Amino acid sequence: QGQLVESGGGLVKPGGSLRLSCAASGRTFGNYAMGWFRPAPGKERELVAAIDWSGTITYYKDSVKDRFTISRDNAKNTVYLQMMSLKPEDTAVYYCNGVARRNGVWVAAPEDGYWGQGTQVTVSS
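Trainee: Can you break down the overall build of the protein residue by residue, with the values?
Mentor: Regarding its fold elements, the protein presents zero helices and eleven strands. The secondary structure elements of the protein, listed N-terminal to C-terminal, are β-β-β-β-β-β-β-β-β-β-β. Rg of the C-alpha trace for the protein: 14 Å, near the compact-globule value of 14 Å for 125 residues, within the 12% margin. Summarising its shape, the C-alpha atoms of the protein cover approximately 40 × 30 × 25 Å along the three principal directions. Expressed as a percentage of its 125 residues, the buried residues of the protein come to 43%.

Trainee: How would you explain the packing of aromatic side chains if you had to name every residue and give the values?
Mentor: The full count for this structure, using the stated rule, is two aromatic pairs. Ring geometry for Phe37 versus Trp115: centroids 5.1 Å apart, planes at 85°, classification edge-to-face. In this pair, Phe37 is assigned in strand S4 (residues 33–40) and Trp115 in the loop between strand S10 (105–108) and strand S11 (119–123), connecting sequence segments 78 residues apart. As far as burial versus exposure is concerned, Phe37 and Trp115 are alike and both buried. Measuring from centroid to centroid gives 6.1 Å for Tyr95 and Trp115, while their planes differ by 85°, and the two rings are edge-to-face.

Trainee: Before we move on, can you summarise the pairing of strand S7 (residues 68–73) with the specific residues and values?
Mentor: Of the two faces of S7, the one holding Phe68, Ile70 and Arg72 is buried and the one holding Thr69, Ser71 and Asp73 is not buried anywhere. Hairpin connection, S7 to strand S8 (residues 78–83): the antiparallel pair is bridged by four residues, and Asn77 has positive phi, about 50°.

Trainee: Explain the nonpolar core to me, using residue names and the numbers behind them.
Mentor: Judged by nonpolar contacts, the single largest core of 25 residues is most densely connected at Trp36, Phe68, Ile70, Val79, Leu81, Met83 and Tyr94. In terms of residues, this core owes the most to one element, strand S3 (residues 18–25), which gives four residues. Dropping the residues within four chain positions of it, Tyr94 is found in contact with Glu6, Leu20, Trp36, Phe37, Arg38, Val48, Phe68, Leu81, Met83, Gly118, Thr119 and Val121. Membership of the second largest hydrophobic core comes to eight residues, among which are Phe37, Ala50, Trp106 and Trp115.

Trainee: Let's hear about the sheet that holds strand S1 (residues 3–7): which residues, and what values?
Mentor: The strand order across the open sheet formed by four strands is S1-S3-S8-S7, and the pairing between neighbours is antiparallel. The strands lining the two open edges of the sheet, one partner per strand, are S1 and S7. Neighbour-to-neighbour, the strand axes of this sheet turn through a mean angle of 15°, independent of strand direction. The pairing of S3 with S8 spans six bridges and is antiparallel. Bridging from a neighbouring strand, Cys22 pairs with Val79 of S8.

Trainee: Can you break down the pairing of S10 residue by residue, with the values?
Mentor: Of the pairings in the sheet, the one linking strand S9 (residues 92–102) to S10 comprises four bridges and is antiparallel in character. Note that in S10 the partner of Val99 across the bridge is Ala108. In this structure, the hairpin formed by S9 and S10 is closed by a connection of two residues, where Asn103 is found at a positive phi of approximately 55°.

Trainee: For the pattern of salt bridges, give the residues involved together with the corresponding values.
Mentor: Scanning the entire structure with this criterion turns up six salt bridges. Put simply, Arg38 and Asp90 hold a salt bridge, and the shortest N to O gap is 3.2 Å. Separated by 52 residues along the polypeptide, Arg38 in strand S4 and Asp90 in the loop between S8 and S9 bring together distant segments of the chain. By the burial criterion, Arg38 is buried, and Asp90 matches it. Here the salt bridges do not stand alone but share partners, grouping Arg38, Glu46, Lys61, Arg67 and Asp90 into one network.

Here is what the cut-offs are and how they apply
- Residues numbered from 1 in each chain as written.
- Predicted model: local features only at pLDDT ≥ 70, side-chain atom pairs only at ≥ 80, totals over all residues.
- Heavy atoms only, no water.
- Helix = DSSP H or I, 4+ residues; strand = E, 2+ residues; numbered from the N terminus.
- Rg over C-alpha atoms; globule rule 2.2 N^0.38 Å.
- Buried < 20%, exposed > 50% of the residue type's maximum accessible area, 1.4 Å probe, protein only.
- Phe/Tyr/Trp six-rings, centres within 6.5 Å; stacked < 30°, edge-to-face > 60°.
- Pairing = 2+ DSSP bridges.
- Core = buried A, V, L, I, M, F, W, Y, C linked by side-chain atoms within 4.5 Å.
- Contact = heavy atoms within 4.5 Å.
- Axes fitted to C-alpha atoms, helices over the stretch in contact; angles between N-to-C directions.
- Salt bridge = Lys/Arg side-chain N within 4 Å of Asp/Glu carboxyl O.

In structure tokens:
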């Protein structure tokens, strides 16, 4: 089974920036679209951003568009989330995982239901 290790979270003031990293192992990373998730009311996790296997197609939740940027380095088996202009409502544990497009919608596609530990992002003055 693959492993996902998220890192880069921390405490930041409103308007600040963080860069999250997700190191993947055990899967052919370059074959999979990847996404970043966070808990949301009424959902276990919501998709915040996604990127296809080649890095050319991306998706962003409306509330993070123009503030967050997802990218990946297939040579390093790593996906990143650059977070800028952070707001208190961005406070959450952030997780990465595989994603798939089904009927035009990006959905989580965890291998065997596996999720990593996540990384805590706290935005507070």
